[in-house]
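Listed below, chain by chain, are the residues.
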Amino acid sequence: MCTSFGATTCGSRILENFCAPYDATAIRKLLDADAVLIGKTNMDEFAMGSSTENSGLKQTVNPWAPDRVPGGSSGGSAAAVAARLCPVSLGSDTGGSIRQPASFCGVVGLKPTYGRVSRYGLVAYGSSLDQIGPFGRTVADAALMMNVIAGHDPSDSTSVDETVAPVPDYLAGIDEPVEGLRLGVVSAFNAGSEASVQVALNVAIDVYRQAGAEIVEIDLPHFDYAIAAYYVIATAEASSNLARYDGVHYGHRTANPADYIQVYSRSREEALGQEVKRRIMLGTYALSSGYCDAYYLKALKVRNLIRSDLVRAFEQCDAIVMPVAPTTAFKIGEKTDDPLQMYLSDIYTISANLAGIPGISVPCGLDEDHLPIGLQVLAPAFSEAKLLRIARMFEAATDWHRKKPALVE
Amino acid sequence: MSDISYKVIVGLEIHVQLCTKTKMFCSCALGFGEEANSRVCPVCLGMPGSLPVMNGQAVEYSMLAAMALNCEVAPFTKWDRKSYYYPDLPKNYQISQYDLPLGSNGYIEIPLGNGQTKRIRIIRAHLEEDAGKNLHTAGNYSQVDLNRAGTPLLEIVTEPDINSAEEVRALAVELQRIMRYLGVSEGDMQKGHMRFEPNINLAITRPDGEFKTPIVEVKNLNSFRALERSVAYEIERQLDEFLETGRTLEMGNKSTRGWNDDDQVTVLQREKEEAHDYRYFPDPDLVPVTTTPEGLQQIRAQLCELPLLRQRRYVAEYGLSDYDAGVLTAERSTADFFEQTVTAGGDPKRICNLLTQVGLKLANERGGDLPSLGIEPGAVADLAKMTDAGTISATAASTILEAMVETGKAPDILADELNLVQKSDAGELEGIVDQILAENPQVVEQIKSGDKKSKKAMGFLLGQVMQRTKGQANPKVVSEILARKFN
Ligand SMILES: [Zn+2]
């Protein structure tokens, strides 16, 4: 996220010394609200990753277990809140990059509806999926942050007109339980997770049931195609979004290039990381003439199917609960050699990005290794206020959000 | 050579810079000639995290232009990214329109000079952002100036309906006239507001068959002259090359050439058309443009009478020559001024002469248009009426018009001040005529005798009267008096 102070690196060596001449709108709004910005955090390079291990600059560990990853891509922001370095922070969520690290670090993380928070100044990864959102220790923290950062921004054409979707006071009535809450679950999903995650989810569903919620079994038939569609759309957009990091106008430039082609090729070769290169290649391929129909356009069709699945599901329920990730925080280096395995960390989170709907992760347990587990709640577009109340119902009935890593006990 | 004939086939791609206040996707002002990189912001510099915001005026201008070019205007259009790496393109993609251009299937009527017109079909018209400029200065590096980056460009592509260098020029000139009429572009060639890329080849007929020469695209021409000459040069060159090598059009042998203005030749730039893959896809940072029928109607309401129609109307309605009508309609401001003057009264031909021979000359000298001369159409109409009434001579009218521009005074006052009012008082003039007759008895005799030279003699007497009155006598009235004297 661009700030007019300090460097804006996106965890990449290609922007290692890049200082933005302006603030992102979300940052500007925080500053206008007298927020004290105490620092910027580490992330997977250009938000590409699920463990923050892809940072080209720094390593971030999980405050609950220093040999574990904090999740990603906004791992630094989640870890900072978990380690009590700050009460709240911002992240960006393209495929789960707020919710998954929130889950791994035992904090609350909210991905708002696409268009709710301005993307101006958010360095783009997958422009049609990216959304800025808050981390906090509690649901109220996230609501407080939303009160500051949400709203239309004329500088972002994709930010939504407030006459179409008014911005409510997210804190008002946050403690009021939702009457007659209908909560959707997909039983089949749970099976894909670790036992501890399955148990925590079932317990969480019981908590809601006891709070008076009706549990509704729903069907999301195209859910299995989400990862494939996501990795085509996100990488296609990324291949274009990242084309500007070429060593010509700013950022790292190779020494002594023979010609301008070498300025491009060497600068990028030297300063972009493996995963970023992999996704640029994937995206470039997906957009190439002759392949565009089979990959990119096909993926857009799948995206529409997933969106309509969710719209249909929300006719039956107010919100959907499911795991945030199939596992708790894994060990550093455990999945770095297996990108596909890493991509599967996002299996439960990417549908919300493809459909543009809001999702939240709230702490809902600890596994046998004393690692946090997150509960994901998804709600229809622009219903963040209700989503926060539903999350607060769980939080009010449990004390998982009060658990701290041993580091700060 | 006698058994060979050929047809010239040209399609034209034109980039027209729109005269919006700000760039296509940011709030930087459009400029020309400012210090390098002084009209830039994070958006047009392609900084990380910056986002484009569409300039609605550019879209309206483009739709207006598309309507004037008889295009179908899309009620739903969108923005696409066209990817290629070049240092003057900061994002390494250009925001353009790919499969849903804002205008399509139109045509333009071009004048052929003989009063005839020809219809050239237009394939598409779409809006896009311009790139910056690479400056190849001294040393083993280049510099990039991004002042121009993000400037709104309307790209117009014609069918290959153009069949000569003269037609290419006529189309370019007519397009410039239309864009200026609509007020959507200044069309200033010196500032690169219009850039042309003709695609040229020949269809050759010989006893042994029909042949097409390989297509040549000439890049980036920014004057009418260069456009016309490059096409004329290509016609010659392609014919010679065909006769020499027999090369004909094949898939992939289209080449790109540049125009060398010093040597007046085209120069090969790229032999084979590169297999460009621009990887078009919809720009996720922008929302599609939807226009309601009412919105389109509002834009259509801004359409004015187009120059060629106006030119033809002047010929039919006012009896002007095609040439004069062309001069009057070259600029909308001239034509508007002309019509306001005609409405205020006075003979259209007289007004046309005053405006084209004096008004436009003065405007040109001052580097402005007709209205900038500061004279009122009503005053010019008065001047024309005075001339028609014989109060002043046609020559005096020109003098008075110049004085009007300089002093801002009314024509009748100036006629008095400059002593240019013609003496039309028959009584007064008759006295003078009598004097002259008395002074030239032999001439009078000559006329009375019905001599062959009597006509010339009458002219002599008229000249004497004019001389005596210092040119202020109304020659028409004097002639009448003279005629009466000899009846
Ligand atoms: Zn700008």
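Look up a bit, the structure's there.
Note that the coordinates shown come from a computational prediction; the quantities given were computed from them, not determined experimentally. (Residues numbered from 1 in each chain as written. Chains lettered and ligands numbered in written order. Predicted model: local features only at pLDDT ≥ 70, side-chain atom pairs only at ≥ 80, totals over all residues. Heavy atoms only, no water.)

**Looking at the interface of chain A and chain B**
- On the side of chain B, 31 residues touch chain A, which itself brings 38 residues to the contact.
- Overall, the association of chain A and chain B removes approximately 2,700 Å² of surface from exposure, summing both partners, and the carbon and sulfur fraction of that is 58%.
- On the chain A side of the interface with chain B, the three residues burying the most area are Ser157, Arg244 and His249 of chain A, jointly 22% of the side's total.
- For the pair chain A and chain B, the interface holds one salt bridge.
- Here Asp285 of chain B makes a salt bridge to Arg119 of chain A, at a shortest N to O gap of 3.1 Å. (Contact = heavy atoms within 4.5 Å. Buried area = accessible area lost by both parts, 1.4 Å probe. Salt bridge = Lys/Arg side-chain N within 4 Å of Asp/Glu carboxyl O.)

**Regarding the sheet that holds strand β4 (residues 182-185) of chain A**
Residues and elements named next belong to chain A.
- As summarised here, the arrangement of the eight strands in space is β1-β3-β2-β7-β8-β6-β4-β5, forming an open sheet in which the pairing is mixed. The sheet is open, and its two borders are formed by β1 (88-92) and β5 (214-217), each paired with just one other strand. Between one strand axis and the next, the sheet turns through 30° on average, direction left out of account.
- In the packing of helix α2 (residues 75-82) onto the sheet, the strands contacted are β1 and β3 (132-136), and the crossing angle to β1 comes to about 165°.
- Strand contacts of helix α10 (residues 293-316): β4, β5, β6 (319-323) and β8 (372-378), with the helix running at about 115° to β6, the strand carrying the most contacts. (Pairing = 2+ DSSP bridges. Helix = DSSP H or I, 4+ residues; strand = E, 2+ residues; numbered from the N terminus. Axes fitted to C-alpha atoms, helices over the stretch in contact; angles between N-to-C directions.)

**Some remarks on the coordination of the zinc ion**
Residues and elements named next belong to chain B.
- Looking at the zinc ion, the protein donor atoms are Cys26 (SG), Cys28 (SG), Cys41 (SG) and Cys44 (SG), and they sit 2.3 to 2.4 Å from it.
- Considering all four donor atoms around the zinc ion, the spread of angles at the metal, 102 to 116°, places the coordination shape in the tetrahedral class.
- Between consecutive donors of the zinc ion, the numbers of intervening residues give the motif C-x1-C-x12-C-x2-C.
- On the basis of relative accessible area, Cys41 is assigned to the buried category, the value being 18%.
- Classification of Cys44 by relative accessible area gives buried; the value is 6%. (Donors = N, O, S within 2.8 Å, 3.2 Å for Na, K, Ca; no water. Tetrahedral: all angles 85-135°; square planar, octahedral: opposite > 155°, others 65-115°. Buried < 20%, exposed > 50% of the residue type's maximum accessible area, 1.4 Å probe, protein only.)

**Here's the deal with the packing of helix α9 (residues 377-388) of chain B against helix α10 (residues 394-407) of chain B**
All names here are of chain B.
- For the pair α9 and α10, the least separation of the axes is 10 Å and the interaxial angle reads 160°. Our classification of the angle between α9 and α10 gives roughly antiparallel. Of the two possible hands of crossing, α9 and α10 adopt the one that is right-handed. Residues Ala379, Val380, Leu383 and Thr387 of α9 touch α10, and the partners they reach there are Ala394, Ala397, Ile400, Leu401 and Met404.
- Each residue belonging to the contact of α9 with α10 can be placed in one class, and the counts come to eight nonpolar, one polar and no charged. (Parallel < 35°, antiparallel > 145°, perpendicular 65-115°, else oblique. Left-handed = near helix turned anticlockwise from the far one by under 90°. Nonpolar A, V, L, I, M, F, W, Y, C, P; charged D, E, K, R; others polar.)

**What to know about the sheet that holds strand β5 (residues 93-96) of chain B**
Residues and elements named next belong to chain B.
- Read across the sheet, three strands follow the order β5-β4-β16 without closing on themselves; strand pairing throughout is antiparallel. The open sheet has two edge strands, β5 and β16 (281-282), and neither has a second partner.
- One ladder, built from four bridges, connects strand β4 (residues 80-83) with β5; its direction is antiparallel. Within β5, the residue paired with Ser83 across the bridge is Tyr93.

**Quick word on the nonpolar core**
- Core analysis: the largest hydrophobic core is formed by 103 residues, its most contacted members being Ile156, Phe196 and Phe338 of chain B.
- There are two domains that each give this core at least three residues, and those are domain 1 (11-199 + 268-294) and domain 2 (307-417) of chain B.
- Those residues in contact with Phe196 of chain B, other than ones at most four positions away along the chain, are Leu12, Glu13, Ile14, Ala172, Met189, Val218, Lys219, Asn220, Leu221, Phe224 and Leu227 of chain B.
- Membership of the second largest hydrophobic core comes to 62 residues, among which are Met48, Phe189, Tyr231 and Met322 of chain A. (Core = buried A, V, L, I, M, F, W, Y, C linked by side-chain atoms within 4.5 Å. Domains from an automatic or database assignment.)

**Here's the deal with a nonpolar patch on the surface**
- Together, Tyr260 and Ile261 of chain A together with Tyr86 of chain B line one region of the surface with nonpolar side chains, adding up to about 270 Å² of accessible area.
- Residue placement: Ile261 of chain A occurs in helix α8 (residues 260-271). (Patch = residues over 30% accessible without salt bridge, like charges linked within 9 Å, V, L, I, M, F, W, Y side chains within 5 Å. Areas by Shrake-Rupley, 256 points an atom, 1.4 Å probe, with all protein chains shown as cover.)

**Here we look at the layout of surface pockets**
Residues and elements named next belong to chain A.
- Quantified by volume, the second largest pocket comes out at close to 1,100 Å³.
- Gly39, Lys40, Thr41, Ser77 and Leu90 are the residues nearest the centre of the second largest pocket, which is lined by 44 residues in total.
- Of all the secondary structure elements, the ones that give two or more residues to the lining of the second largest pocket are α1 (25-32), α2, β1 and α4 (139-149).
- For the lining of the second largest pocket, the element with the most residues is β1, which contributes five residues. (1 Å grid on protein atoms, 1.4 Å probe; cavity = no way out; pocket = protein on both sides within 12 Å on 5 of 7 lines; lining within 4 Å. Points joined across faces, edges and corners; volume = space filled by probe spheres on them.)

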